[in-house]
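Commentary on secondary and tertiary structure
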Amino acid sequence: MPSTLRSAEATEPAAALPHGSGPFDRSLPWLLLAGGLTALAAALVLTVEKFALALDPAYTPACSINPVLNCGSVMDTPQASAFGFPNSLLGVGGFAVVAALGAALLSGAVFARWYWAAVQIGVTAAAVFVHWLIVQSLYEIGALCPYCMVVWAVTVPVFWYVTLRNLDRAVTRPSLRQWADWLIRNHSVPLTVWSLAVIALIAQRFWSYWSTLL
């Protein structure tokens, strides 16, 4: 009988972990809920401002602060409606799902692997799109949208920690597991490097304007 039990334990799937046992199982739901609500609010305000500008071309959005921090300049470009409708509508739908996922996890919900795979596809697509928008804002449009930057600041951490959560459960091969464990232990390093890189690119791109304020 004991040997039978040991055999059953040995064949237990690696993914069948107790709820809350992963490295980010306690913090990820809060990130998804708080980040999702923050970015959802930014997307909603941006949507309202976009429609107000569409109705009245002379309207000045509240987030048009100066020549660099200027939502109006960004809204009035093809990149702001990359799929034929305002990008902010994608944020309204997407971040509502993110916030709902965080709330569900906090309430004790457990989701199947296929659902987490779908979430991974969604946040990866969002991260790629955000980086395209960053490049467009810096080097094509030449202006920054403050509400869009809030979305950037939420999307990348959400993508990163969802990815680490999924890697922790999916990677079992020893050679790859070492890399996964290193990333999990040093999870804040890539985010810090990304943040500093974006800040440096913004400072460099608009230095001619910032220098006039000094």
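Residues numbered from 1 in each chain as written. Predicted model: local features only at pLDDT ≥ 70, side-chain atom pairs only at ≥ 80, totals over all residues. Heavy atoms only, no water.

1. Considering the side chain of K50
- Note that K50 resides in helix α2 (residues 28-55).
- In contact with K50, not counting residues within four places along its chain, are M75, A80, S81 and P86. (Helix = DSSP H or I, 4+ residues; strand = E, 2+ residues; numbered from the N terminus. Contact = heavy atoms within 4.5 Å.)

2. Digging into the packing of helix α6 (residues 146-170) against helix α8 (residues 188-205)
- One way to put it is that α6 packs onto α8 with a least axis distance of 10 Å and a crossing angle of 155°. Between α6 and α8, the interaxial angle falls into the category roughly antiparallel. Of the two elements, α6 crosses α8, and the hand of that crossing is right-handed. Residues M149, W152, V156, P157, W160 and Y161 of α6 lie in contact with α8, whose contacting residues are S188, P190, L191, W194 and I202.
- Counted by class, the contact of α6 with α8 contains 10 nonpolar, 1 polar and no charged residues. (Axes fitted to C-alpha atoms, helices over the stretch in contact; angles between N-to-C directions. Parallel < 35°, antiparallel > 145°, perpendicular 65-115°, else oblique. Left-handed = near helix turned anticlockwise from the far one by under 90°. Nonpolar A, V, L, I, M, F, W, Y, C, P; charged D, E, K, R; others polar.)

3. Overview of a nonpolar patch on the surface
- A contiguous nonpolar surface patch, about 450 Å² in accessible area, is contributed by F51, F83, F85, L89 and L90.
- Turning to its location among the elements, L90 is positioned in helix α4 (residues 87-106). (Patch = residues over 30% accessible without salt bridge, like charges linked within 9 Å, V, L, I, M, F, W, Y side chains within 5 Å. Areas by Shrake-Rupley, 256 points an atom, 1.4 Å probe, with all protein chains shown as cover. Salt bridge = Lys/Arg side-chain N within 4 Å of Asp/Glu carboxyl O.)

4. Considering the packing of aromatic side chains
- A complete count under the given rule lists 5 aromatic pairs for this structure.
- Geometrically, the ring pair formed by F24 and Y161 is edge-to-face, given 5.1 Å between the ring centres and 70° between the ring planes. Placement of F24 in the loop between α1 (2-10) and α2 and of Y161 in helix α6 is noted, with a sequence separation of 137 residues between them. In this pair, the class of F24 matches that of Y161, namely buried. (Phe/Tyr/Trp six-rings, centres within 6.5 Å; stacked < 30°, edge-to-face > 60°. Buried < 20%, exposed > 50% of the residue type's maximum accessible area, 1.4 Å probe, protein only.)

5. Brief notes about the confidence of the model for the protein
- Of all residues in the protein, 90% attain a pLDDT of 70 or more, and the chain-wide mean is 89.
- Considering only residues more than four positions removed or in separate chains, one finds that residues 1-20, a stretch of pLDDT under 50, has 9 contacts. (pLDDT = per-residue confidence, 0-100.)

6. Regarding the pattern of salt bridges
- With the rule as written, the count across this model stands at 4 salt bridges.
- With a shortest N-O distance of 2.7 Å, R177 and D168 are connected by a salt bridge. For the pair R177 and D168, a shared accessibility class is recorded, and that class is buried.
- Overall, R177 belongs to the buried group, its relative accessible area being 17%.
- Because the salt bridges share partners, they merge into one network encompassing D25, D168, R169, R177 and D181.

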